[in-house]
Amino acid sequence: MPYPQIVPTIEKAPDDKTWLLTVQCPFCTKQHTHGGGSDLEPGLFGTRGAHCQSGDGMYELVAPDSKT
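This is a predicted model, so every value here is computed, not measured. (Residues numbered from 1 in each chain as written. Predicted model: local features only at pLDDT ≥ 70, side-chain atom pairs only at ≥ 80, totals over all residues. Heavy atoms only, no water.)

1. A closer look at the sheet that holds strand β3 (residues 19-24)
Going by this rule: Only strands joined by at least two bridges in the DSSP assignment are considered to pair. Helix numbering and strand numbering both begin at the N terminus, where a helix is a DSSP run of H or I of at least 4 residues and a strand a DSSP run of E of at least 2. Angular values range over 0 to 180 degrees, each being the angle between N-to-C directions of two axes fitted as lines to C-alpha atoms, with helices fitted over their stretch in contact.
Sheet architecture is open: three strands sit in the order β2-β3-β4, paired in antiparallel fashion. Looking along the sheet, the strands with just one partner apiece sit at the ends: β2 (9-12) and β4 (31-35). Ignoring which end each strand starts from, the neighbouring axes of this sheet average 30° apart. Where β3 lies against β4, five bridges are found, and the strand directions are antiparallel. Residue pairing across strands places T22 opposite T33, the latter belonging to β4.

This is the structure:
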């Protein structure tokens with residue numbers, strides 16, 4: 001079964017070196033923030049674990065232009 005796909009909000013961290021990928025969690029509905037790398041463009045999309053869930057609380061972060 002595929003994991004829920006979520007397009008994150010993308011912004012630079014206060015240090016201006018790291019991308020932050022923020023989502024509304026499909027399990028608890030709170031915001032979760034994941035690191036998106038430190039390249040010129042955000043990256044590191046893919047499957048992530050929702051730490052609010054035990055077991056298989058997984059979802060997939062997808063780039064804004066790639067959600068199907």
